[in-house]
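Coordinate inspection notes
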Amino acid sequence: MKTADIVILDFGSQYTQLIARRLREQGVYAELLPFNTKISDIKAKEPKGIILSGGPASVYAKDAYFCDEKVFELGVPVLGICYGMQLIAQHFGASVVPAREKEYGKANLNFKKEHGLFGDTKDGQVVWMSHSDKVENLPAGFEVIADSENSEFCVFGDEKRKIYALQFHPEVAHSEFGDKILKNFAKYICGCESTWNMGSFAKSQCEKIKALVGSDKVLCAVSGGVDSSVVAALLAHCIKDNLIVVFVDNGLLRTNEAKQVENTFKTKLGINLISIDASETFLSRLKDVVDPEEKRKIIGNTFIEIFDKEAAKHKDVKYLAQGTLYTDVIESSVVGASKTIKSHHNVGGLPKDMKFKLIEPLRDIFKDEVRALGLELGLSRDLVFRHPFPGPGLAIRIMGDVRSDRLELLRKADVILREELKSTGWYDKTWQAFCVLLNVNSVGVMGDNRTYENTVCVRVVDASDGMTASFSRLPYDLLENVSRRIINEVDGINRVVYDISSKPPATIEWE
Ligand code: XMP
């Protein structure tokens, strides 16, 4: 069994894998294990430190999850985050109760003493909270290191046993110095060194894939987005002629997107692409479907059916390669104790009786890491820095049923938004920008006439991995231009609104 510098016990938080990636950014190799892993298996990893992740349960509830208490006796430092923090508090004799003031989003940290965990950070720093329980008193042997307005025991620790507890999530990008706090824990408290990098990741993935596939063939589905393109490039690099690359036009793409994808693969990447136009099939199956999860599942199933048909035309196709990211995995499936948020089409939306075995080399990493890998593999910056576009496409940006006339409206509005962002330099400053067609008509007045037409919502967010996001503070003039152009140029839309929700508690896509 391979060793890991840091073992992260996963109690089901949406952010657990983010802890691992923050450590990877420091070159520290961390491995995620289920919360109930046997102590002998944890020991076998010879960790220099243990992190207890957050999770959706309450430590006092019947369905609470506990790890083996011997993790506190391994003689290595332990850091508890959110649920992990409450578990430490309860284990060492404090009580944890439902909080009167639930805390989601920003809070400010006030230092109560100087501490190595916060080396190179500052008092008053912004941290990101997501909890509805609170620690009521301090466990014996621990002292408070920092508090926040709503959490008297926001950070506490026991210096003798090197056990530390944080109420907030240092792993999310919105915690101002979160990366430094995790670095301080791994490097200075646990003594880990930097040995991991993207080149070593690409090499180890290639070796794994080659050994797995042997002489069988792999069908790789591409969408033109960065994730699937990086997978195709990685596979082209390591299994060459055993790779079949397929692009399916599902009728849910943006203006000219299908043509652009064909052009990128055939001319720029030199990868032989099989293009299939299946738009009619997708649209007829989505007719009258309004439930977001049902839309996602129909789309996932239809993709697989088409891949099956294509694979039957070739010999020995056993594997389907996809650009699934950790964000898709964690929000789709029950990983340990996590809750399903959405069935991302390339994970939760797959049929149970699928014949292919899956190859998902990006499953443990995040979008910005994929981008770094794309550059490492020689893909163009244009492709690598495209905004993410979801597998189920515009279907999950149309509230209610998906029809060709509504798709057309959305496409027209979307082109305008992207044009305005690109011409003002804001496209590259934001993580994602798109329009959502709401199932809401409202009254307007155009040229003295009453209108009663559709509403478009503009969603533009800042994020670094898509796990958390905040709405982009676009200049009002830019928003005004976008709104004016959409209403003037798109027949059937008379109102534009701007989405000012963060993730959490909202998600980036509306469905
Ligand atoms: P949410 O809406 O979950 O989105 O906050 C996080 C990021 O994931 C993208 N997304 C998807 N990507 N298949 C994908 O390939 C999907 O089913 C899917 N759903 C959401 C979303 O655009 C955002 O970047």
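Computed from a predicted structure; not experimentally measured.

Tallied over the entire structure, the rule returns 11 aromatic pairs. Arranged with centres 5.3 Å apart and planes meeting at 40 degrees, the rings of Phe 11 and Tyr 83 form a pair that is tilted. Of this pair, Phe 11 sits in the loop between strand 1 (6-10) and helix 1 (16-25) while Tyr 83 is found in helix 3 (residues 83-91), placing the two residues 72 residues apart along the sequence. Accessibility classification places Phe 11 together with Tyr 83 in one group, the buried group. Centre to centre, the rings of Phe 92 and Phe 142 are 5.3 Å apart; their planes meet at 55 degrees, and the pair counts as tilted. Residue Phe 92 is located in the loop between helix 3 and strand 5 (96-108), and its partner Phe 142 is located in the loop between strand 7 (126-135) and strand 8 (143-147); the two are separated by 50 residues in the primary sequence. Like Phe 142, Phe 92 is buried. Grouped by ring-pair contacts, the aromatic residues Phe 11, Phe 35, Tyr 65 and Tyr 83 constitute a single cluster. Directly above the aromatic system of Trp 196 lies the positively charged group of Arg 24, at a separation of 5.6 Å from the ring centroid. The side chain of Lys 422 reaches across the aromatic face of Tyr 427, ending 4.4 Å from its centre.

Within the element layout of this structure, Ser 470 appears in strand 18 (residues 470-471). Engagement of the side chain of Ser 470 in a polar contact is seen with the side chain of His 174, the distance being 3.1 Å. Once you skip the residues sitting within four places of it in the chain, Ser 470 turns out to touch His 174, Val 460, Val 461, Asp 462 and Ser 502.

Once that is clear, we can look at helix 7 (residues 257-268). For helix 7, with 12 residues, the first-to-last C-alpha span of 15 Å sits near the 16 Å given by 1.5 Å per residue. For helix 7, every residue scored as buried is listed here: Glu 257, Ala 258, Val 261, Thr 264 and Phe 265. Down the axis of helix 7, the buried set is contained in an arc of 130 degrees. They therefore lie on one face. Within helix 7, the exposed residues directed more than 90 degrees away from the buried face are Lys 259, Thr 267 and Lys 268. Immediately beyond the C-terminal end of helix 7, within one or two residues, lies Gly 270, with a positive phi of roughly 65 degrees.

Let us now look at the domain arrangement of the protein chain. Segmentation of the protein chain into domains returns domain 1 (6-189), domain 2 (198-384) and domain 3 (403-498). Here domain 2 and domain 3 have C-alpha centroids that lie 28 Å from each other. Tallying the contact residues gives 12 residues for domain 2 and 10 residues for domain 3. Of the roughly 930 Å² buried between domain 2 and domain 3, counting both surfaces, carbon and sulfur atoms make up 59%. In this structure, the connection of domain 2 to domain 3 is made through 2 residue pairs in polar contact (both at pLDDT 80 or more). Every element with two or more residues in the side of domain 2 that touches domain 3 is listed here: helix 10 (326-332) and helix 11 (367-376). Take the side of domain 2 that touches domain 3: its biggest share by element is 3 residues, from helix 11.

Attention now goes to the pairing of strand 11 (residues 217-222). With 5 of its 6 residues buried, strand 11 lies for the most part within the structure. Inspection of the sheet shows strand 11 paired to strand 12 (residues 243-249) by 5 bridges, in the parallel sense. What sits directly across from Val 218, in strand 12, is Leu 243. Handedness of the crossover joining strand 11 and strand 12 through helix 6 (residues 226-239) is recorded here as right-handed.

Turning next to the pattern of salt bridges. Within the structure shown, the criterion is met by 31 salt bridges. Linking Glu 143 and Lys 113 is a salt bridge whose minimum nitrogen-to-oxygen distance equals 2.7 Å. Taken together, the residues Glu 143 in strand 8 and Lys 113 in the loop between strand 6 (110-111) and strand 7 connect sequence positions 30 residues apart. Residue classification places Glu 143 among the partly exposed positions, given a relative accessible area of 35%. Here Glu 509 and Arg 397 are joined by a salt bridge, their closest N and O atoms 2.8 Å apart. Taken together, the residues Glu 509 in the segment after strand 19 (493-498) and Arg 397 in the loop between helix 12 (381-384) and helix 13 (404-423) connect sequence positions 112 residues apart. The same class applies to Glu 509 and to Arg 397, which are both buried.

For helix 5 (residues 198-213), with 16 residues, the first-to-last C-alpha span of 22 Å sits near the 22 Å given by 1.5 Å per residue. Here helix 5 has its buried residues at Met 198, Phe 201, Ala 202, Gln 205, Cys 206, Ile 209 and Val 213. End-on view of helix 5: buried residues confined to an arc of 130 degrees, all on one side of the axis. Seen from the buried face of helix 5, the exposed residues on the opposite side, beyond 90 degrees, are Lys 203, Lys 208 and Ala 211.

What follows is about the nonpolar core. One finds Leu 235, Phe 307 and Ile 486 to be the most contacted residues of the largest nonpolar core, which totals 90 residues. Per-element tally for this core: the top contributor is helix 6, with 9 residues. Both of domain 2 (198-384) and domain 3 (403-498) provide at least three residues apiece to this core. Not counting residues within four places of it along the chain, the set of residues in contact with Ile 486 comprises Ala 413, Ile 416, Cys 435, Val 456, Ile 493 and Val 496.

About the thresholds
Residues numbered from 1 in each chain as written. Predicted model: local features only at pLDDT ≥ 70, side-chain atom pairs only at ≥ 80, totals over all residues. Heavy atoms only, no water. Phe/Tyr/Trp six-rings, centres within 6.5 Å; stacked < 30°, edge-to-face > 60°. Helix = DSSP H or I, 4+ residues; strand = E, 2+ residues; numbered from the N terminus. Buried < 20%, exposed > 50% of the residue type's maximum accessible area, 1.4 Å probe, protein only. Lys NZ or Arg CZ within 6 Å of the ring centre and 35° of its normal. Polar contact = N/O pair within 3.5 Å; in protein donor to acceptor, adjacent residues only side chain to side chain. Contact = heavy atoms within 4.5 Å. Expected span 1.5 Å × (residues − 1). Arc of directions from axis to C-beta. Domains from an automatic or database assignment. Buried area = accessible area lost by both parts, 1.4 Å probe. Pairing = 2+ DSSP bridges. Right-handed = clockwise from strand over helix to strand, strands pointing away. Salt bridge = Lys/Arg side-chain N within 4 Å of Asp/Glu carboxyl O. Core = buried A, V, L, I, M, F, W, Y, C linked by side-chain atoms within 4.5 Å.

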